[in-house]
Every structure is written in structure tokens, then in C-alpha cells.
Amino acid sequence: MSSARKGVTLVECLVAASMLLAVLAIVSAAFGSTVNSLSKVNARADYLQSFQILGSNFIRDTQASRRQALDWAPDLYACPSPQHPEGAQLTPLERDLVYQSYRVYYRLPGQREAWLRSLSLSPATATVLPLSQADIGWGIQSLAFYANQGKKLVTDLDRFEVRMDGASVVLRLQGTRQHKGRIAPERLELTFVACPRN
């Protein structure tokens, strides 16, 4: 009578372990590649979102402002911000606007960041002048005087250009940034157009 033992030999165990390690290595490499790709996509989306936030603020403020009160210079843009006396933001179609602040968008020379500063008007008024012609507590000042103490909206910004195009105001943003693991820099260029009130 022969006694045949059922079981696994050492060689079979080694072959199974090496096959399992090979499968794990392939899955691990695929997972690492997926995570790396997702981080690049998320970084690009965050970069684009910061430009979009700046652009949407610019459009909202410009549409609610009066054309004759807009003011701009290289790397600077200022417009009055209308609000209800109770503080609720108005849509551009509403009448009897009360302006409670100026909004100043700016990029400082030599820096690659865009900023937004709000300057309160006290008392609130229904008629406004361009900021460089208005005395809001510091006398008549150039726009550059107000380009400080703002909130940073965008980094890695190379170009911040505001211009009039007929009845519209055009904001052009251009940026580049070096992304980890890429040789060529990432480039982003967006243009926003808004029509102020008459």
C-alpha cells in the first residue's frame, strides 16, 4: 500500500509566490501611474479654477458698474461695486444702484500674482467717478496707490491686461507654471468680456 500525500511542494509554493508578486507589481505600477495622472489633472484644474474665479469676479463687478466710472492702467483695473443698502449684491439689470465700494484688481510689477482689494465708500452713493478721480479718504490718488493690501486670487500670472473694445471691457489673463515631472511649462490663457451699464 502506497501512501500518497496530498499537498503542495516547496517548488509549487515558490512559483505561486512569484506569480503573486508579479501581479502585485503590475497592479502597484498601474495604481502609481493613475495617482500621478490624477494629481496632474487636479493641479491643472486648481490652476484653471483660480483664473476662472478672477474672471467671474471681474465680469460680475464690471456688469454692475457704470461705464463712466471704470478706471484702468497697466496691470490695474478699478470699478465701483453696487450693493443694496441692506448689503445684498444686485444684478446688473436692477435700477437705483447704491455704490458702497470700489473693487481694485491688480498685478504688482515684477510679481506673478493677481490681487483684489475692496475699498469702502462712506457714505454710499448713487453717483461715482473713476477711482483715480475720486477722493475716498486719502485725497485724489493714482490707481497704483490702491494696489496693496488685497486678497490674492491667482499665482503664476504673466499677463494681466484690461482694455476697452467698443462697449465691452476685456480682461486677458496669461500664465505659465512649471509642473513637477514635466519639461515644458504649462501655459494657460483666458479672456473674459463684460459690458458695463451705461
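Everything below is about the structure printed above this text.
Since we're looking at a predicted model, the values are computed, not measured. (Residues numbered from 1 in each chain as written. Predicted model: local features only at pLDDT ≥ 70, side-chain atom pairs only at ≥ 80, totals over all residues. Heavy atoms only, no water.)

Participant: Explain the sheet that holds strand S4 (residues 113-125) to me, and be specific about the residues and the numbers.
Facilitator: On the basis of which strands lie adjacent, the open sheet formed by five strands has the order S1-S2-S3-S4-S5 and antiparallel pairing. For this open sheet the edge positions go to strand S1 (71-73) and strand S5 (151-155), each flanked by a neighbour on one side alone. Strand after strand, the sheet turns through a mean of 20° between neighbouring axes, direction not considered. Pairing of S1 with strand S2 (residues 76-82) involves three bridges; the strand directions are antiparallel. Bridge pairing links Asp71 to Ala78 in S2. (Pairing = 2+ DSSP bridges. Helix = DSSP H or I, 4+ residues; strand = E, 2+ residues; numbered from the N terminus. Axes fitted to C-alpha atoms, helices over the stretch in contact; angles between N-to-C directions.)

Participant: Break down unusual backbone geometry for me, with residues and values.
Facilitator: A positive phi angle, close to 55°, is found at Gln149, a residue other than glycine. Residue placement: Gln149 occurs in the loop between S4 and S5. Even without glycine at this site, Asp156 takes up a positive phi of about 60°. Residue Asp156 is classed as partly exposed on the basis of its relative accessible area, which comes to 23%. (Buried < 20%, exposed > 50% of the residue type's maximum accessible area, 1.4 Å probe, protein only.)

Participant: A description of the pairing of strand S3 (residues 99-106) should follow, citing residues and the corresponding values.
Facilitator: When you tally the buried positions in S3, you get eight out of eight residues, the bulk of the element. The sheet contact formed by S3 and S4 spans seven bridges and is antiparallel. Across the sheet, Arg103 pairs through a bridge with Ser118, a residue of S4. Following S3, the chain reverses through six residues before pairing antiparallel with S4; Gly110 in that reversal takes a positive phi of roughly 80°.

Participant: How would you summarise the nonpolar core if you had to cite specific residues and measurements?
Facilitator: Core analysis: the largest hydrophobic core is formed by 22 residues, its most contacted members being Phe51, Leu54, Tyr77, Phe160 and Leu173. Secondary-structure elements contributing two or more residues to this core are helix H1 (10-64), S2, S4, S5, strand S6 (157-165), strand S7 (168-177) and strand S8 (186-194). Apart from the residues lying within four places of it in its own chain, the contact partners of Leu54 are Tyr105, Ala114, Leu153, Val154, Phe160 and Leu173. The next biggest cluster of nonpolar side chains, apart from the first, holds 18 residues, and it includes Tyr102, Tyr106, Val128 and Ala147. (Core = buried A, V, L, I, M, F, W, Y, C linked by side-chain atoms within 4.5 Å. Contact = heavy atoms within 4.5 Å.)

Participant: Quick one: what's the story with a nonpolar patch on the surface, residue by residue and with numbers?
Facilitator: Taken together, Val11, Val15 and Met19 make up a surface patch of nonpolar side chains, about 300 Å² in accessible area. Looking at the element boundaries, Val15 is found in helix H1. Judged by its relative accessible area of 43%, Val15 falls in the partly exposed class. (Patch = residues over 30% accessible without salt bridge, like charges linked within 9 Å, V, L, I, M, F, W, Y side chains within 5 Å. Areas by Shrake-Rupley, 256 points an atom, 1.4 Å probe, with all protein chains shown as cover. Salt bridge = Lys/Arg side-chain N within 4 Å of Asp/Glu carboxyl O.)

Participant: How would you summarise the sheet that holds S6 if you had to cite specific residues and measurements?
Facilitator: Spatial strand order, S6-S7-S8: three strands in an open sheet with antiparallel pairing. Edge positions in the sheet fall to S6 and S8, since each of these pairs with one other strand and no more. Strand-to-strand twist in this sheet, taken as the mean axis angle between neighbours without regard to direction, amounts to 10°. Pairing geometry for S7 and S8, over nine bridges, is antiparallel. Following the sheet pairing, Gly175 is matched in S8 by Leu188. Contacting S6, S7 and S8, H1 crosses the sheet at an angle of about 15° to S8.

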